[in-house]
Amino acid sequence: MTAAELARRRGVVTTTLGITQTLAWGSTYYLPAVFADPVCEALGLSRAWFFGIFSGALLLSGLVGPTAGRLIDTYGGRDVLAASNLVFAAGLALLSFASGPVTLALAWAFLGIGMGFGLYEAAFATVTGLYGREARNAITGITLFAGFASTVGWPASAFMIDALGWRGACLTWAVLHLVVALPLNRFLVAKAAPPPPAAASADAAPGGVPWTMVILAAVFAATTFVSTAMATHLPRIIEALGAAPTAAIFAASLVGPAQVAARVAEFALLRKASPLVTAQLAAGLHPVGAALLAFLGPVVAIPFVLLHGAGNGLLTIARGTLPLALFGPAGYGLRTGLLAAPARLLQGGAPLIFALVLDLLGPRAALLLSGILTALSLAALLVLAHRTGRAENH
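Residue numbers run consecutively from 1 along every chain, following the written order of its sequence. Where totals are concerned, whole chains, interfaces and linings use all residues; where local detail is concerned, this predicted model gives features only for residues with pLDDT of at least 70, and gives and counts side-chain atom pairs only at 80 or more. Heavy atoms from the whole structure form the basis of all side-chain values; hydrogens and water molecules are not counted.

Thoughts on the overall build of the protein chain
Helix and strand definitions follow DSSP, with helices as H or I runs of at least four residues and strands as E runs of at least two, each counted in order from the N terminus. Along the backbone of the protein chain there are 16 helices and 0 strands. The reference for a compact globule is 2.2 Å times residues^0.38; the radius of gyration itself is calculated from the C-alpha atoms. Expected size for 394 residues packed as a compact globule is a radius of gyration near 21 Å; at 20 Å, the protein chain falls within 12% of this value. Viewed in the frame of its principal axes, the protein chain has a C-alpha envelope of about 60 × 50 × 45 Å. Three exposure classes are used, based on accessible area relative to the maximum for each residue type with a 1.4 Å probe and protein chains only: buried under 20%, partly exposed in between, and exposed over 50%. Here the protein chain holds 394 residues, and the buried ones make up 53% of them.

Considerations on a nonpolar patch on the surface
Only residues above 30% relative accessible area that lack a salt bridge enter a patch, with like-charged residues linked at up to 9 Å and the nonpolar side chains Val, Leu, Ile, Met, Phe, Trp and Tyr linked at up to 5 Å. Computed by Shrake-Rupley with a 1.4 Å probe, the accessible areas treat only the displayed protein chains as cover when residues are assessed. By definition here, a salt bridge exists when the distance from a side-chain nitrogen of Lys or Arg to a carboxyl oxygen of Asp or Glu is within 4 Å. Together, Val 288, Leu 292, Phe 295, Leu 296 and Val 299 make up an exposed nonpolar region whose accessible area comes to about 540 Å². Its location among the elements puts Val 288 in helix H12 (residues 275–296).

Focus: helix H8 (residues 149–188)
One less than the residue count of a helix, multiplied by 1.5 Å, gives the span that helix is expected to have. Taking 1.5 Å per residue, 40 residues should reach 58 Å; H8 reaches only 21 Å between its end C-alpha atoms and comes up short. Two axes define the bend at a residue: one fitted to the seven residues ending there, one fitted to the seven starting there, and the bend is the angle between them. For H8, the principal kink sits at Leu 164 and spans about 120°.

Considering the packing of helix H13 (residues 301–327) against helix H14 (residues 332–347)
Geometry of a packed helix pair, given as the angle between the helix axes and the separation of the axes. To get an axis, a line is fitted to the C-alpha atoms, and for a helix only the part in contact is used. The angle between two axes follows their N-to-C directions and goes from 0 to 180 degrees. Contact geometry for H13 and H14: axes closest at 10 Å, N-to-C directions at 125°. What the angle tells us is that H13 and H14 run oblique. With respect to the hand of their crossing, H13 and H14 are arranged in right-handed fashion. Contacts between H13 and H14 pair Arg 319, Gly 320, Pro 323, Leu 324 and Phe 327 from the former with Tyr 332, Arg 335, Thr 336 and Leu 339 from the latter. Considering only residue class, the contact of H13 with H14 consists of 5 nonpolar, 2 polar and 2 charged. Working definition: roughly parallel below 35 degrees, roughly antiparallel above 145 degrees, roughly perpendicular at 65 to 115 degrees, and oblique for all remaining angles. Each helix crossing is assigned a hand: it is left-handed if the near helix lies turned anticlockwise from the far helix by less than a right angle, otherwise right-handed if that turn is clockwise. Every residue pair with non-hydrogen atoms within 4.5 Å of one another is taken to be in contact. When residues are sorted by character, Ala, Val, Leu, Ile, Met, Phe, Trp, Tyr, Cys and Pro go into the nonpolar class, Asp, Glu, Lys and Arg into the charged class, and all the rest, Gly among them, into the polar class.

Overview of the nonpolar core
Judged by nonpolar contacts, the single largest core of 60 residues is most densely connected at Phe 35, Leu 95, Leu 104, Trp 108, Met 115 and Val 127. Those elements that place two or more of their residues in this core are helix H1 (3–26), helix H2 (32–43), helix H3 (47–75), helix H4 (77–96), helix H5 (101–118), helix H6 (120–131), helix H7 (136–146) and H8. Ranked by the residues each element gives to this core, the list is headed by H8, at 9 residues. Apart from the residues lying within four places of it in its own chain, the contact partners of Leu 104 are Val 39, Leu 45, Phe 50, Ile 53, Leu 95 and Ala 98. Each nonpolar core is a collection of buried residues, namely Ala, Val, Leu, Ile, Met, Phe, Trp, Tyr and Cys, held together in the definition by side-chain atoms within 4.5 Å. One finds Ile 237, Val 300, Ala 350 and Ala 366 within the second-largest nonpolar core, a separate group that totals 27 residues.

Concerning the side chain of Arg 78
With respect to the element layout, Arg 78 can be found in helix H4. Given a relative accessible area of 15%, Arg 78 falls into the buried group. In protein, a polar contact means a hydrogen-donor-capable atom and an acceptor-capable atom, both N or O and within 3.5 Å, with residues adjacent in sequence counting only if both atoms are side-chain atoms; elsewhere, any N or O pair within 3.5 Å suffices. Side-chain polar atoms of Arg 78 contact the side chain of Asp 79, separated by 3.2 Å.

Some remarks on H6
The end-to-end C-alpha distance of H6, which contains 12 residues, comes to 16 Å, matching closely the 16 Å that a straight helix rising 1.5 Å per residue would cover. With respect to burial, H6 is a largely interior element, 9 of its 12 residues being buried. Count one or two residues on from H6 and you reach Gly 132, which has phi positive near 60°.

Focus: the confidence of the model for the protein chain
Every residue gets a pLDDT, meaning the predictor's confidence in that residue, from 0 to 100. Taken as a whole, the protein chain shows an average pLDDT of 85; of its residues, 92% reach a score of 70 or greater. In this model, residues 199–208 is a region of pLDDT below 50 whose contacts with residues beyond four sequence positions or in other chains number 13 contacts.

Remarks on the packing of aromatic side chains
Note on aromatic pairs: each is described by the distance of the centres and the angle between the planes. Any two of the Phe, Tyr and Trp rings considered here, Trp counted by its six-membered ring, make a pair once their centres fall within 6.5 Å; the pair's planes then place it as stacked at under 30 degrees, edge-to-face at over 60, or tilted in between. Per the counting criterion, the structure on display carries 10 aromatic pairs. Relative to Tyr 120, the ring of Trp 25 lies with its centre 5.0 Å away and its plane at 50°, an arrangement referred to as tilted. In this pair, Trp 25 is assigned in helix H1 and Tyr 120 in helix H6, connecting sequence segments 95 residues apart. Here Trp 25 matches Tyr 120 in class, with each residue buried. Aromatic side chains Phe 50 and Trp 108 sit 6.3 Å apart centroid to centroid with 85° between the ring planes, which places their arrangement in the edge-to-face category. Of the two residues, Phe 50 is situated in helix H3 and Trp 108 in helix H5; the sequence distance between them amounts to 58 residues. Each member of the pair, Phe 50 together with Trp 108, is buried. What links up through ring pairs into an aromatic cluster is the set Trp 25, Tyr 29, Tyr 30, Phe 50, Phe 51, Phe 54, Trp 108, Tyr 120 and Phe 124. We count a charge as sitting over a ring when the NZ of a lysine or the CZ of an arginine lies within 6 Å of the ring centre and within 35 degrees of the ring normal. Above the face of the Tyr 131 ring, Arg 10 is positioned so that its terminal group lies 4.3 Å from the ring centre.

This is the structure in structure tokens:
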């Protein structure tokens, strides 16, 4: 097979996974923002109930993530991703028939399992199984597509709710998983042979886990916590600092374009650089923006959002490329599942914790907390760069 044919096939796989990831994110993670009000009104539930159940789904996705990674390492990602579309469709169908908190929780349990088996970590592990250390560009390409998941998913959900009601919208999303995502994942993604077993690491913490894994898990957990909190409360933070509601919403809406622009820049300018450089840049952008917004107020809301969005977009790439660069492709699926588990577990509590900080201490305290967490992440990445550089020199 010629180099052009190989590149074309890789482009097909990347595009396919980009499309199916956009659908997966738009119909699960980004669903509550649009569905919470009509579902709660129809079922007579408070928003606290709805988002509490959603948080439980995020926790469940973190618990099943390592199992998903192990299955991808063993059998390849194609069939795991295709199976996740069946689980997503089942969860969305159950959601359309929800009649109270029990059936709502059952539906989100299915969706939580689907998220653990079918979101970014699974897609990244799939292309790593196919392309090994050459998967970095494919990982970036997938995030370029799926960076528009909220941009596509929120309006699509709102349109379907207006046209069909929220129950009909759930069924429509379920059908899209069955007739679009399932065949794309099953027939356009190649089946990969499992990689050779990973070698044991000599750089291990007392529990046998490499220190590099411990540091990465802490970085991913802290930055995901901040990202989730900002996704939930960003307009409210800007408004609480004195901005008009429309201005706050407009500024917050720039997160998505900033994420995608940063990913394009990474592909154009940093794809030959170490993923540690990308991760350090990503972790450093939010603290700068948070300090500006906290001290200067809403006049710098847009620069803050652009810095935060760019850092968030780069961190998504780093979550896929850093483990590949540091550990290699062997055992990648299980490793990324383990690295993502603490982040998913903390993610569930981020909206509530930041809501309490905002209500009790105010927006500047929330910005201070987010800035400290990301600054500590940057410090940890600098320590990791020093450790890995020292190991290479030896």
